[in-house]
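Tertiary structure, described
Listed below, chain by chain, are the residues.
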Amino acid sequence: MREGKVVRVAAARMEERDDANYRRICVKGYAQPQRLYDPDRVKYPMRRVEGTERGAGQWERVSWDEALDEVAAKMRAAVDEYGWPSVALWNSYASCGVLNGSGAGSVAYGRFLSRTGATILGPGADWAQMFFAYALTLFMGNDIADTPNANTILVWGSNPTDAYPADWQFVCRAREKGAKLITIDPQFTSAAMHSDRYFAIRPGTDGALMLAMANYIIDNDLVNEEFMKARTVSPLLVKGDGTYLRASDLGITPQEGPVNPLTGQPTVIDPLQVWDAAAGAFADAATAADPALMGDYDAMGQPVQTVYQLVRGKIGEFTVDKAADICDLLPDDIEWLARTYATEGPVYIHTNQGLGHHANSHHNYKNLMFIAALTGNAGVPGGTPLGHAALGFGSFPTNPLPFVAGTEKSLDICGMYLPDIMETGKWAGKDLPIRVLWVNNGNPLCNESGRLELIEAVKKVDFVVTADITMTDTACYSDLVLPIPHVFESEDFMTMSFTPYPPFQRKIVDPLYECRTDLEILRDLSRRLGMDDLYTKTDEEYLREIMDTPANLAHDAGYDAFKDNRLVRNYTINDDEVFIDKFALTKTQRLEYYLERPFVRNNFGQEVAEYERYPYYTRANESYWENPLREKYPLFGLGQHERYHVHSQLATTPVMREIEPEPLLRMNARDAAERGIAQGDYVRAFNDRGSVVLKAKVTEGIKQGVVSIPHGWNASQYVEGHAQDLTNRYMNDFCSNSCFYDFLCEVEKWEGGE
Ligand SMILES: Nc1nc2c(c(=O)[nH]1)N[C@H]1C(S)=C(S)[C@@H](COP(=O)(O)OP(=O)(O)OC[C@H]3O[C@@H](n4cnc5c(=O)[nH]c(N)nc54)[C@H](O)[C@@H]3O)O[C@H]1N2
Ligand SMILES: Nc1nc2c(c(=O)[nH]1)N[C@H]1C(S)=C(S)[C@@H](COP(=O)(O)OP(=O)(O)OC[C@H]3O[C@@H](n4cnc5c(=O)[nH]c(N)nc54)[C@H](O)[C@@H]3O)O[C@H]1N2
Ligand SMILES: [Mo]
């Protein structure tokens, strides 16, 4: 601080900690003082000038009283006519603070939602990966500090130097210890530059590569049978309906287990069955001496087979040659990859949204689990099929009761369905007239795909409020914008962490201007809505209630420890001595590449296809080689998370824009030459949905036929249009995952002038 202003950010002193991946902080951290004093900050409640169009950009300052009176009136009118579901909270991931964070997991929003039953519109981003890990299997990868235990690191669809710079030091440490580094990416990233081998895969086809690797591993006797039998679902027996064979299927009466503390009911013990080759009989999976990996058996008249046999029967067509064709890789290279993966483990796969942003993405995770199962590259030090900071650490244990203030159940669906809901007034066949949108912790009109359709949908909503720090694209389309504080201006605690050290958000300065936290805003609003008793405690009281659980206090990890600025490690995760069993939470307590009962994220009555159970590959939605649309739009569009942004945060931060003044479309030099495009020309990328004009960066560092168009820039920072005018609102309805990297386009030199 200097003269009451924050002037510099430095990394915390944690020299003695080897696993502290924020010992080195990134440029986005250093830039925070300028985010705090961002010229684009919202200073006061701002109302769209009456009579102007939404998005026209004409605003008038109003008082907090006027602003919240208006919100309360709009909400009350909607609720009187249609009930609370007509009020929707639209959020994304910005903050996971227990006081102000998004969704049901904070005091501010959780209490409001559980009291009212207002609708939750969640993000589409990252749901293929999250749905697999957090909902379908409860499988977490190894944390990032485990990377140096790997013998081989496979950077697969992730860009750690730019998107997880703090992870990169662990990759470097592994390199220093002699680990091999391999990158699979259509773009020649900085990680690729440091790699031993680099594979420029065709976008959206990784699933086929995984299955070809699996077939090669199987055909060349590289399978780790011990691991397959003991640690994976491979020997479990599956009945004709896809579910597992249990003891009760063999006429053995299930036993009563311990009482489930959540339901108060006793659990049922009905063990999963395998074929014990040693005994020549069915046996409980947990105790069988020699579970068979392959085979058909007769279970009292029912035909059953092992999971491994079932899966092998499904994936045989994905030979190395076929995958080479699909992925545009050489057969020799695929064989080398498969052999290396199987024989030079443990392999740490650093993966992220390069495998998650296509319509076929969710299959990738079953496929990754399968190759890991075949080779024992999971649940061991240095070996994980799902590695990076976000997936490794899980959350810090807290008391969630303060997030609840009632028994109303909110409809919780992906906000990407908003255009359908506004068009039909329905969701899943039932009326859902959304009248009020409250946007928080997200900037969907900049960061969600298919922006033009979303804007039209938002225009159909009677009243739109956005609570944000800066004048985002979404704020621009709102009727009212409410100023919230920067993280340096309010206290909060993050349960989700990208390091073993959960971040306590310290208040360093008082909020500037008239900013108020989400919780303060909702406190005030709830009184206007006649809910005086919704938030009765102070922020500190809530924090203490949430953080001071007996277990946390026993580990000296309560509120005071964090507040005193002590370095508190999440005591529930592994350290150098203890390696936590990564399969402990799965339903079968095994590595699951087969899903007994897959379910959808947002149920509107759709069928769950049989193939959702097993490793599978199908083409992407739009980005695929044979698509007839390629005659018109031959280029595969994708993007990357910008090094000098966090999505749209930092879009206008001066020092960042000094380094990187404007968005750049990256295209291969041959593609550029064919189109008469030179380095630094302005170009127009377009498809049937829309177009965007920006500067071209002509490079050899991107696969021919692929262009990268970055997101996270404000509409005003492109010459014309927006990156999301090209992206597609299509989602796979299994996991309702946004498909940012699944679009085709054409690029031409822009003749519009300077
Ligand atoms: N084309 C393309 N689009 C993409 C992607 C891509 O790769 N390509 N990536 C996608 C991915 S992976 C993601 S996760 C999404 C992210 O999409 P968003 O979550 O919309 O991204 P942000 O720009 O970080 O928006 C968060 C907003 O919340 C505000 N905010 C911060 N803290 C608080 C708080 O405490 N309270 C409130 N009320 N607001 C707060 C911030 O100022 C910011 O404006 O973007 C997706 N969009
Ligand atoms: N600086 C910065 N860091 C961030 C963020 C940010 O906005 N800015 N956002 C954060 C968030 S919310 C997320 S989800 C993560 C995302 O983290 P990452 O997933 O690591 O980042 P991305 O930039 O989405 O893409 C990773 C790489 O995937 C490649 N790729 C694209 N399509 C394919 C494909 O089909 N196959 C393969 N193999 N590769 C492909 C891209 O070329 C890119 O190099 O980053 C987080 N960190
Ligand atoms: Mo994300």
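Residues numbered from 1 in each chain as written. Chains lettered and ligands numbered in written order. Predicted model: local features only at pLDDT ≥ 70, side-chain atom pairs only at ≥ 80, totals over all residues. Heavy atoms only, no water.

What follows is about the overall build of the protein chain. Each helix and strand counted, the protein chain has 25 helices and 33 strands in total. A compact globule built from 754 residues should have a C-alpha radius of gyration of about 27 Å, and the protein chain, at 26 Å, falls within 12% of that. Its C-alpha atoms put the protein chain at 80 × 70 × 60 Å along the principal axes. Considering the protein chain as a whole, with its 754 residues, one finds that 59% of them fall into the buried category. Taking the contacts inside the protein chain whose residues are at least 6 apart along the sequence as the reference set, 74% of them involve residues at least 24 apart. Positive and negative side-chain charges in the protein chain, numbering 73 and 105 respectively, have mean positions lying 3 Å apart. (Helix = DSSP H or I, 4+ residues; strand = E, 2+ residues; numbered from the N terminus. Rg over C-alpha atoms; globule rule 2.2 N^0.38 Å. Buried < 20%, exposed > 50% of the residue type's maximum accessible area, 1.4 Å probe, protein only. Contact = heavy atoms within 4.5 Å. Lys, Arg positive; Asp, Glu negative; His and termini not counted. Charge placed at Lys NZ, Arg CZ, Asp CG, Glu CD.)

Looking now at the site of ligand 2. Taken together, 32 residues form the shell around ligand 2, and within it Asp185, Gln353, His641, His645 and Tyr741 come nearest. Contact distances for ligand 2 include 2.7 Å between a nitrogen atom and a backbone N or O atom of Ala163. A distance of 2.6 Å separates an oxygen atom of ligand 2 from a polar atom in the backbone of Gln353. Within the shell around ligand 2, the residues separate by chemical class into ten nonpolar, 15 polar and seven charged. (Near = heavy atom within 4 Å. Polar contact = N/O pair within 3.5 Å; in protein donor to acceptor, adjacent residues only side chain to side chain. Nonpolar A, V, L, I, M, F, W, Y, C, P; charged D, E, K, R; others polar.)

This part covers the domain arrangement of the protein chain. Assigned domains of the protein chain: these are domain 1 (40-125 + 396-534), domain 2 (141-391) and domain 3 (628-749). Averaged C-alpha coordinates put domain 1 and domain 2 at centres separated by 39 Å. (Domains from an automatic or database assignment.)

With that settled, the discussion passes to the side chain of Arg630. With respect to the element layout, Arg630 can be found in the loop between α23 (559-563) and β25 (635-638). An unpaired buried charge is present at Arg630: no salt bridge exists, and Glu626, the closest side chain of opposite charge, is 7.8 Å distant. A polar contact is formed between the side chain of Arg630 and the backbone oxygen of Pro634, at a distance of 3.3 Å. Residues contacting Arg630, with those up to four places away along its chain left out, are Tyr624, Trp625, Phe636 and Leu744. (Salt bridge = Lys/Arg side-chain N within 4 Å of Asp/Glu carboxyl O.)

On to the packing of aromatic side chains. Taken as a whole and judged by the stated rule, the model has 30 aromatic pairs. When the centroid spacing of 5.0 Å and the interplanar angle of 90° are considered together, the rings of Trp275 and Phe282 count as edge-to-face. Since its relative accessible area comes to 22%, Phe282 is described here as partly exposed. With centroids separated by 6.5 Å and ring planes inclined at 45°, the aromatic side chains of Phe493 and Phe504 adopt a geometry described as tilted. Remark: Phe504 occurs in strand β24 (residues 504-505) and Phe493 occurs in strand β23 (residues 492-493); sequence separation between them is eleven residues. (Phe/Tyr/Trp six-rings, centres within 6.5 Å; stacked < 30°, edge-to-face > 60°.)

Here we come to the packing of helix α9 (residues 206-219) against helix α12 (residues 320-327). Look at α9 against α12: their axes get within 9 Å of each other, and the N-to-C directions meet at 165°. In terms of orientation, α9 lies roughly antiparallel with respect to α12. Crossing geometry of α9 relative to α12 is assigned as left-handed. When α9 is examined against α12, the residues Ala208, Leu209, Ala212 and Tyr216 are found in contact with a partner set consisting of Val320, Ala323, Ile326 and Cys327. (Axes fitted to C-alpha atoms, helices over the stretch in contact; angles between N-to-C directions. Parallel < 35°, antiparallel > 145°, perpendicular 65-115°, else oblique. Left-handed = near helix turned anticlockwise from the far one by under 90°.)

Let us look at the sheet that holds strand β8 (residues 237-238). Strand pairing in a sheet is mediated by backbone hydrogen bonds. Such pairs are either parallel or antiparallel. In spatial order, the strands read β8-β14-β13; together these three strands make up an open sheet with antiparallel pairing. On the outer flanks of this sheet lie β8 and β13 (296-299), each paired with one strand and no other. Bridge analysis of β13 against strand β14 (residues 302-306) gives four bridges, and the strand direction is antiparallel. Note that in β14 the partner of Asp298 across the bridge is Pro303. Packing of helix α11 (residues 307-315) onto the sheet brings it into contact with β8, β13 and β14, and relative to β14 it is tilted by some 80°. (Pairing = 2+ DSSP bridges.)

What follows deals with the site of ligand 1. Near ligand 1 you find 28 residues, and of these Ser92, Asn447, Asp468, Ser648 and Gln649 are the closest. Between a nitrogen atom of ligand 1 and a main-chain N or O atom of Asn441, the distance comes to 3.1 Å. Between Ser648 and ligand 1, the recorded distance is 2.5 Å, taken from a side-chain N or O atom to an oxygen atom. Within the complex, the protein chains bury 94% of what would otherwise be the 920 Å² of accessible surface of ligand 1. (Areas by Shrake-Rupley, 256 points an atom, 1.4 Å probe, with all protein chains shown as cover.)

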